[in-house]
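# Reading the structure
So the chains spell out like this:
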Amino acid sequence: MAIDKIYNIFKTCNGISTDTRTLDENSLFVALKGDNFNGNKFVETAFSNGAKYCIVDEESAVINSNCILVENALETLQELAKFHRNSIGISIIGLTGSNGKTTTKELICAVLSKSYNVKATMGNLNNHIGVPLTLLGFSKDLDFGIVEMGANHQKEIEFLSQIAQPDYVVITNFGKAHLEGFGGVQGVIKGKSELYDYAKTHNKTIFVHADDNIQVAQAKNYPNVITFGQAPENDFQIKFNSASPFVSLTFSEQKCQSQLIGAYNFNNIAIAVAIGLHSKVSQESIKEAIENYVPNNNRSQILIKDSNKIILDAYNANPTSMTAAIENFAQIEGTNKVLFLGDMFELGTDAPKEHQSIANKAAQHFNEQIYLIGSNFFNTETSQGTRKFKTYQDFERFITTQNFKDATILIKGSRGMALERILDVL
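Because the structure is predicted, anything quoted here is derived from the model rather than measured. (Residues numbered from 1 in each chain as written. Predicted model: local features only at pLDDT ≥ 70, side-chain atom pairs only at ≥ 80, totals over all residues. Heavy atoms only, no water.)

Let us now look at the overall build of the protein. Broken down by element type, the protein carries 16 helices and 19 strands. Here the C-alpha atoms of the protein give a radius of gyration of 23 Å, agreeing with the 22 Å that 2.2 N^0.38 yields for 426 residues. In the protein, 61% of the contacts between residues at least 6 apart in sequence involve partners at least 24 apart. Surface accessibility of the protein: about 18,700 Å² in total, with carbon and sulfur atoms responsible for 44%. Across the protein, the 38 positively charged side chains and the 45 negatively charged ones have centroids separated by 2 Å. (Helix = DSSP H or I, 4+ residues; strand = E, 2+ residues; numbered from the N terminus. Rg over C-alpha atoms; globule rule 2.2 N^0.38 Å. Contact = heavy atoms within 4.5 Å. Areas by Shrake-Rupley, 256 points an atom, 1.4 Å probe, with all protein chains shown as cover. Lys, Arg positive; Asp, Glu negative; His and termini not counted. Charge placed at Lys NZ, Arg CZ, Asp CG, Glu CD.)

Put into structure tokens, the structure is as follows:
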């Protein structure tokens, strides 16, 4: 069936889903396949749970006339999203980067929502399935759609850009994330810059943080660039004031006190401010949006548990974000500081070197109470003030025998380490 006909069917539905457990009544179910699942086997369940139509790619899954048989369900989902994006004609902001994507997305949404009808990627639906689902959740009554794009290998951002077709693009930063898939730091720069490449090819607008030399170099000689940063010659001057622990900044003579900790979050805030200013959101509204934004979902949260103050940053980690978190933790006020650091994933052959570097960085700033968790950190060479645990279970058995009081604690690790579990045993 032609994609335009499938799209007409989609428009009669109340939504789209790839999970029979989250189907809305009268929605369109897409039967995706993976290494460990096959949506074609759940078509009957989908109809029972309220699906109006099902897109399938196996003949055996066609159980009634409301099954749409296609060659490849995933490719159909992606083409459907692309068709929808072109049909609704709203402005799309495309966002990627090694660190801070989700926080930046939420900040941009908070700022633009002060003056416009805006919708953004839900959660971290930022891959080859999540981006299409995000786009298909947008409607033509929106002024802006914000699409977060994640990647762990070359050409993925290029592919997602062709689906989302952003009008404005921004890269938060180029860091040591997914080194295994990208093939090193230069591979990260090349892969993330595919978003710039799309903008250049299609004459779209790039927002560039002028204090980031890599961003400046990657966008060089492209005329359709909007710059922001500390210097007054930028299109928008946004100045960093302090981060002790919360980030304070100044733009257009507006002093703004955020609820985000760490100097590394200044860049994320600055992006949202620049996009807001460019979009003619009032300075007062931008200030209000930034100051009222509170992080959640294990991202740079400050929690009080008994007599301890905890900085919970356990959503994800890579060498760049881990270094920034340690340096920021060293600078903030607080006595009796404790570090719980978990393994960083997807580093490939760089894993031993990068984990050793982080262990050294922690020891450089702190003499004791450094706790390293995971097999990669377990194999590092450390000083006397550091304790290592090969597994989280080993760490938990130890930590339940300890009694932390009046401590300032940093919890940081990759998502797979799930270090938020520490909160239950402190």
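So much for the structure itself; the text now carries on.
Counted according to the given criterion, the structure contains 14 aromatic pairs. Summarising the aromatic geometry, the rings of Tyr392 and Phe395 are spaced 5.9 Å apart at their centres and angled 50° between planes, so their arrangement reads as tilted. Placement of both Tyr392 and Phe395 in helix H16 (residues 392-399) is noted, with a separation of three residues, approximately one turn of the helix. Judged by its relative accessible area of 0%, Phe395 is buried. Members of the aromatic cluster, connected to one another through ring pairs, are Phe340, Tyr371, Phe389, Tyr392, Phe395, Phe398 and Phe404. Its end group placed over the ring of Phe378, Lys388 keeps NZ or CZ at 5.8 Å from the ring centre. Over the aromatic face of Tyr392 sits the side chain of Arg421, whose NZ or CZ is 3.7 Å from the ring centroid. (Phe/Tyr/Trp six-rings, centres within 6.5 Å; stacked < 30°, edge-to-face > 60°. Buried < 20%, exposed > 50% of the residue type's maximum accessible area, 1.4 Å probe, protein only. Lys NZ or Arg CZ within 6 Å of the ring centre and 35° of its normal.)

Adjacent strands of a sheet pair through backbone hydrogen bonds, lying either parallel or antiparallel. Here four strands make up an open sheet; going across it, the order is E1-E2-E3-E4 and the pairing parallel. The open sheet is flanked by strand E1 (16-17) and strand E4 (67-69), the only strands paired with a single partner. Here strand E2 (residues 27-30) pairs with strand E3 (residues 51-56) via four bridges, running parallel. Within E3, the position partnered with Phe29 by the bridge is Cys54. Across the sheet, helix H3 (residues 73-88) lies against E1, E2 and E3, angled at about 135° from E2, the strand it touches most. (Pairing = 2+ DSSP bridges. Axes fitted to C-alpha atoms, helices over the stretch in contact; angles between N-to-C directions.)

Read from one edge to the other, the open sheet built from six strands follows the order E14-E15-E19-E16-E17-E18, with strand pairing classed as mixed. Both outer strands of the open sheet, strand E14 (301-305) and strand E18 (386-389), are each paired with one neighbouring strand and no more. Put simply, the sheet's adjacent strands are angled 20° from each other on average, direction ignored. Relative to strand E15 (residues 308-313), E14 runs antiparallel, the two being bridged by five bridges. In the sheet register, Leu303 faces E15, and the bridge partner there is Ile310. On top of the sheet, helix H13 (residues 319-331) reaches E15, strand E16 (337-342) and strand E19 (408-412); it is set at about 175° to E16, its chief contact.

Of all the six residues making up E15, five are buried; the element is thus mostly covered by neighbouring parts of the structure. Where E14 hands over to E15, the hairpin turn is made up of two residues, of which Asp306 adopts a positive phi near 55°. Relative to E19, E15 runs parallel, the two sharing five bridges. Directly across from Ile311, in E19, lies its bridge partner Leu410.

Bringing the pattern of salt bridges into the picture now. Evaluation of the coordinates by the stated rule reveals 14 salt bridges. For Asp167, the salt bridge is made with Arg85, and the minimal N-O distance between the two is 3.0 Å. With a gap of 82 residues between them, Asp167 in the loop between helix H6 (156-164) and strand E8 (168-171) and Arg85 in helix H3 connect regions that are remote in the sequence. According to the relative accessible area criterion, Arg85 is buried, its value standing at 6%. (Salt bridge = Lys/Arg side-chain N within 4 Å of Asp/Glu carboxyl O.)

Quick look at the layout of surface pockets now. Take a probe with the size of a water molecule and roll it over the atoms, and the empty space left behind shows itself. Within this model, the largest pocket holds a volume of roughly 1,300 Å³. Lining the largest pocket are 48 residues, and of these Ser98, Asn99, Gly100, Lys101 and Asn318 lie nearest its centre. Listed by contribution, the elements that provide at least two residues to the lining of the largest pocket are helix H4 (101-112), helix H11 (265-278) and H13. Tallying contributions element by element places H11 first for the lining of the largest pocket, with four residues. Taken together, the residues of the lining of the largest pocket break down into twelve nonpolar, 25 polar and eleven charged. (1 Å grid on protein atoms, 1.4 Å probe; cavity = no way out; pocket = protein on both sides within 12 Å on 5 of 7 lines; lining within 4 Å. Points joined across faces, edges and corners; volume = space filled by probe spheres on them. Nonpolar A, V, L, I, M, F, W, Y, C, P; charged D, E, K, R; others polar.)

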